[in-house]
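Working through the structure, step by step
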Amino acid sequence: MNRIPINLTVNGRTTELSVEPNATLADSLREQAGTHSVHLGCEHGVCGACNVYLNGAVVRSCLTLTATCDGMEITTLEGLSDATAAALKDAMHRCHGLQCGFCTPGMIITGHDMLTRKLCNSETEIRQQLCGNICRCTGYQAIVTAIASAQEEISP
Amino acid sequence: MKLPYFEHRAPDSLEEAIATLAALGSDVKLLAGGQSLLPAMRYRLSQPSVLLDLSRIEDLRLKDDALRSGRIDAMSTHAQFAHQNDPTPLGRLMAAHAQQIAFPAVRTRGTVGGSVVHADPAGDWPLLFLALGAQVELSGQRGTRRMALSSFISGPMQTDIALDEILTAVLLDVSALGLTHWGRAKLMHRAGEYAVSSAVAVRRAGGEWSCWIGAIEAGPAPMTQCAELLRSHSSLKHKDMLACAYEDVRAVCPESGQAAVHRHAVNLTRAIAQALETQ
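Analysis parameters
- Residues numbered from 1 in each chain as written.
- Chains lettered and ligands numbered in written order.
- Predicted model: local features only at pLDDT ≥ 70, side-chain atom pairs only at ≥ 80, totals over all residues.
- Heavy atoms only, no water.
- Helix = DSSP H or I, 4+ residues; strand = E, 2+ residues; numbered from the N terminus.
- Rg over C-alpha atoms; globule rule 2.2 N^0.38 Å.
- Buried < 20%, exposed > 50% of the residue type's maximum accessible area, 1.4 Å probe, protein only.
- Contact = heavy atoms within 4.5 Å.
- Areas by Shrake-Rupley, 256 points an atom, 1.4 Å probe, with all protein chains shown as cover.
- Lys, Arg positive; Asp, Glu negative; His and termini not counted.
- Charge placed at Lys NZ, Arg CZ, Asp CG, Glu CD.
- Buried area = accessible area lost by both parts, 1.4 Å probe.
- Salt bridge = Lys/Arg side-chain N within 4 Å of Asp/Glu carboxyl O.
- 1 Å grid on protein atoms, 1.4 Å probe; cavity = no way out; pocket = protein on both sides within 12 Å on 5 of 7 lines; lining within 4 Å.
- Points joined across faces, edges and corners; volume = space filled by probe spheres on them.
- Nonpolar A, V, L, I, M, F, W, Y, C, P; charged D, E, K, R; others polar.
- Domains from an automatic or database assignment.
- Arc of directions from axis to C-beta.
- pLDDT = per-residue confidence, 0-100.
- Pairing = 2+ DSSP bridges.
- Axes fitted to C-alpha atoms, helices over the stretch in contact; angles between N-to-C directions.

This part takes up the overall build of chain A. Within chain A, the secondary structure is distributed over five helices and five strands. Taken from N to C terminus, the helices and strands of chain A fall in the order β-β-α-β-β-β-α-α-α-α. Rg of the C-alpha trace for chain A: 16 Å, near the compact-globule value of 15 Å for 156 residues, within the 12% margin. When each of the 156 residues of chain A is scored for burial, the buried share is 55%. Taking the contacts inside chain A whose residues are at least 6 apart along the sequence as the reference set, 56% of them involve residues at least 24 apart. Put simply, chain A shows about 6800 Å² of open surface, and 49% of that area lies on carbon and sulfur atoms. Positive and negative side-chain charges of chain A, numbering 10 and 15 respectively, have mean locations separated by a distance of 4 Å.

The structure is reproduced here in structure tokens:
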């Protein structure tokens, strides 16, 4: 098979990959870049467990071909190290925002994005922003509470 | 399922993309945002041997003056419209509409051109652009042509695009750019899902009303009696509007049950009520 050379910056580190044309970003991140926080739930864009930042915007890594990402910057849960991420992770722990933990990396990426862009000013808004992430354990309430709590902590 | 094998080509220019498309014919599928195509390929509903990736073509990306020039380049993303703060009625309509397309992460990649060519009966952009009376621009080896979107979309998931053509832009005329009133309403089982009922009502710059509903089997349809009622009456009672909406909806989906007709009619009157509020 034809392999394509791709340069990515994954969590601040330059990574040179050689990928097959049909490799998705999710597969490349898990298998080649070693960022195992990227979870694959549905693999067709519904569940949000594979959400990552691509050039600063959240995308479904299972619906993104690695071949289309040459020269781009990727941030996964492993690379989230700012105060917002710390507050959110702490709130998820405190508010019991996870049980099995499978959806959690995607939830934190989505939550981090809405906290950063200040799109979580009410419970309704949080739920709307969270609509693309599926959790089969918590019933969402604890996750919504955690994001609201992190928001209060960041800007009381 | 994992994606089947294919070859990936990513030209830097439209000319190169058109030449590649002409050379490969039916073996190739155009990759815009991939948010519908890649799931379809995972399920083997589509198995192209080559994906022609349009993401590196600068000419196809959104330009800053799109809402003034009326030229919406094909690779503009849903997120670009959801996040813009254009204060004109058209700008606010586009933002409100884009903010309800799929999930935030899907909006980052999904494109206007992809949505129009996909022509899903419940798709958001086809409905809005039909209500705005838009045209599409198609480019291929044989030249560039423009046609009304209403003629371009020929049925559910069916368009008039030829094998050697790329949809390069959606074009809005001055009557759409200067629209004065707008309303839209969308019903979904869950936020981010395809609509079970979707409606748009706009009053264009010339004073003409245009009401459309989507998410019906045959694809978006104009609600001509409602538009006429809005044109001819300055003050309208809700019950008259609803009765008119019922008639319009029944005419385009005669096979649908009472519940579906009611859902579309009520949703349509919500869009119209929102459009009238701005009066």
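That was the structure; now back to the text.
The next thing to look at is the overall build of chain B. Across its full length, chain B holds 13 helices and 13 strands. Taking 19 Å as the expected radius of gyration for a compact globule of 279 residues, we find that chain B reaches 19 Å, a close match to that expectation. Principal-axis analysis of the C-alpha atoms places the extent of chain B at approximately 60 × 40 × 35 Å. Across the 279 residues of chain B, 56% fall into the buried class. Sequence separation of 24 or more characterises 61% of the internal contacts of chain B that already satisfy a separation of 6 or more. Summed over its atoms, the accessible surface of chain B is roughly 11900 Å², and 51% of this surface lies on carbon and sulfur atoms. Counting 27 positive and 28 negative side-chain charges, chain B places the centres of these two groups 6 Å from one another.

Each partner contributes residues to the interface: chain B has 30 residues there, and chain A has 30 residues. Buried area between chain B and chain A, summed over both chains or domains, comes out near 2400 Å², and the portion from carbon and sulfur atoms is 58%. If you sort the residues of chain B by the area they bury against chain A, B:Tyr5, B:Arg42 and B:Arg109 come out on top, with a joint share of 24%. In this structure, the connection of chain B to chain A is made through three salt bridges. Among the ionic pairs, B:Arg42 bridges to A:Glu43, the shortest N-O distance being 3.0 Å.

What follows covers empty space enclosed by the protein. Taken as a whole and judged by the stated rule, the model has one cavity of 30 Å³ or more. A volume near 70 Å³ is recorded for the largest cavity. What lines the largest cavity is A:Asn51, A:Val58, A:Arg60, A:Thr110, A:Asp113, A:Gln129, A:Gly132, A:Asn133, B:Phe103, B:Pro104 and B:Ala105. Elements with a minimum of two residues in the lining of the largest cavity: strand S4 (57-60) and helix H3 (104-116) of chain A together with helix H6 (104-109) of chain B. Taken together, the residues of the lining of the largest cavity sort by class into four nonpolar, five polar and two charged.

Here we take up the domain arrangement of chain B. For chain B, the assigned domains read domain 1 (7-53), domain 2 (59-175) and domain 3 (179-277). Placing the centre of domain 1 of chain B and that of domain 3 of chain B at their C-alpha centroids yields a distance of 36 Å.

Structurally, the α-helix is built with 3.6 residues per turn, so residues lying three or four positions apart point the same way. Residue and element names in this part refer to chain B. Within helix H11 (residues 224-232), burial applies to Cys226, Ala227, Leu229 and Leu230. Projected down its long axis, H11 carries its buried residues within an arc of 160 degrees, all on one side. Along H11, the residues that are exposed and aim more than 90 degrees away from the buried face are Thr224 and Arg231. Where H11 is buried, its residues meet strand S12 (209-214), helix H12 (238-252) and helix H13 (258-277).

Let's shift gears to the confidence of the model for chain B. Looking at chain B, the pLDDT average stands at 96 and 100% of residues meet or exceed 70. As a predicted assembly, this complex carries a pTM of 0.96 together with an ipTM value of 0.95.

Residue and element names in this part refer to chain B. A sheet is described by the order of its strands in space; here three strands give the open sequence S1-S3-S2, paired in parallel fashion. The open sheet is flanked by strand S1 (7-9) and strand S2 (28-31), the only strands paired with a single partner. Pairwise comparison of adjacent strand axes, ignoring direction, gives a mean angle of 25 degrees for this sheet. Pairing geometry for S1 and strand S3 (residues 50-53), over three bridges, is parallel. Of the residues in S3, the one forming a bridge with Glu7 is Val50. In the packing of helix H1 (residues 14-24) onto the sheet, contacts are made with S1, S2 and S3, and the angle to S3 comes to roughly 165 degrees.

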